[in-house]
Amino acid sequence: MMNMPHWEHFEHEADIGIRGIAPTLGQAFEQAAVAMTAVVTDPELVSDALAVPIKCEAPDNELLLVSWINELVYEMSAHGWLFNRYRVAIDGGKLTATAFGVAVDRQKHQPAVEIKGATFTGLHVYRQADGMWVAQCVVDV
């Protein structure tokens, strides 16, 4: 009977694309970070008791986005934090930000996955014809 058409499930590391869209480049990076948080948990469940400074730099906006997301992934992984909002300033390839969040509460936040890092897959930072900035990449989960 195995020659009959059939279907099955198989395990696969499913990555997830994140995208921030906003009037400014900094805000698009902020929204991409919120999208990253939403991969792990509902951002509405995360309070903003902590203010964590983040700095990074890169030669172009695409590499800056990867660096930014990877800095957040590091902070989340190394310190057990979750962030719900961000304030980002970008000037000449230098990003200065504050990530607001709280320590992970597994009961409350019920983290779905752990993000391993930003990838170059789907990486694109650009300004649309309507003037809105888009910052996107795929994160490895």
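Look up: the structure comes first, before these words.
Residues numbered from 1 in each chain as written. Predicted model: local features only at pLDDT ≥ 70, side-chain atom pairs only at ≥ 80, totals over all residues. Heavy atoms only, no water.

Enquirer: So, the pairing of strand S6 (residues 124–127): which residues are in play, and what are the values?
Expert: The pairing of S6 with strand S7 (residues 133–140) spans 4 bridges and is classified as antiparallel. When the sheet's bridge partners are listed, Tyr 126 is paired in S7 with Val 134. Joining the antiparallel neighbours S6 and S7 is a turn of 5 residues, in which Gly 131 adopts a positive phi near 90°. (Pairing = 2+ DSSP bridges. Helix = DSSP H or I, 4+ residues; strand = E, 2+ residues; numbered from the N terminus.)

Enquirer: Help me get a handle on the pattern of salt bridges, residues and values and all.
Expert: With the rule as written, the count across this model stands at 2 salt bridges. Among the salt bridges present, the one from Arg 85 reaches Asp 48, with a minimum N-O distance of 2.9 Å. A residue pair is termed long-range when its members are at least 10 positions apart, and Arg 85 in strand S3 (residues 81–91) and Asp 48 in the loop between helix H1 (25–40) and strand S2 (50–57) qualify at 37 residues. Using a relative accessible area of 34% as the deciding quantity, one classes Asp 48 as partly exposed. Residues Lys 94 and Glu 57 are paired through a salt bridge, measuring 3.4 Å at the closest nitrogen-oxygen approach. Of this pair, Lys 94 sits in strand S4 (residues 94–103) while Glu 57 sits in strand S2; the two residues are 37 residues apart in sequence, bridging distant segments of the chain. Note on Lys 94: relative accessible area 45%, which makes it partly exposed. Glu 57 gets classed as exposed once you look at its relative accessible area, which sits at 55%. (Salt bridge = Lys/Arg side-chain N within 4 Å of Asp/Glu carboxyl O. Buried < 20%, exposed > 50% of the residue type's maximum accessible area, 1.4 Å probe, protein only.)

Enquirer: Explain the packing of H1 against helix H2 (residues 61–79) to me, using residue names and the numbers behind them.
Expert: Running from amino to carboxyl end, H1 crosses H2 at an angle of 40°, the nearest separation of the two axes being 11 Å. In terms of axis orientation, H1 runs oblique to H2. The crossing of H1 and H2 is right-handed. Residues Leu 25, Phe 29, Ala 32, Ala 33, Met 36 and Val 40 of H1 pack against Asn 61, Leu 64, Leu 65, Trp 68, Ile 69, Leu 72, Val 73 and Met 76 of H2. Tallied by class, the residues present in the contact of H1 with H2 amount to 13 nonpolar, 1 polar and no charged. (Axes fitted to C-alpha atoms, helices over the stretch in contact; angles between N-to-C directions. Parallel < 35°, antiparallel > 145°, perpendicular 65-115°, else oblique. Left-handed = near helix turned anticlockwise from the far one by under 90°. Contact = heavy atoms within 4.5 Å. Nonpolar A, V, L, I, M, F, W, Y, C, P; charged D, E, K, R; others polar.)

Enquirer: Describe the state of the cysteines, with residues and values.
Expert: Tallying each qualifying case throughout the model produces 0 disulfides. Cys 56 forms no disulfide, and the closest cysteine sulfur to it belongs to Cys 137, at a distance of 12 Å. Among the residues examined, Cys 56 registers a relative accessible area of 9% and is labelled buried. You can call Cys 137 buried: its relative accessible area is 2%. (Disulfide = S-S within 2.5 Å.)

Enquirer: Any details on the pairing of S3? Residues and values, ideally.
Expert: When S3 meets S4, the two strands line up antiparallel, connected through 10 bridges. Within S4, the residue paired with Ile 90 across the bridge is Leu 95.

Honestly, that's just the spatial picture; any functional story needs more than this.
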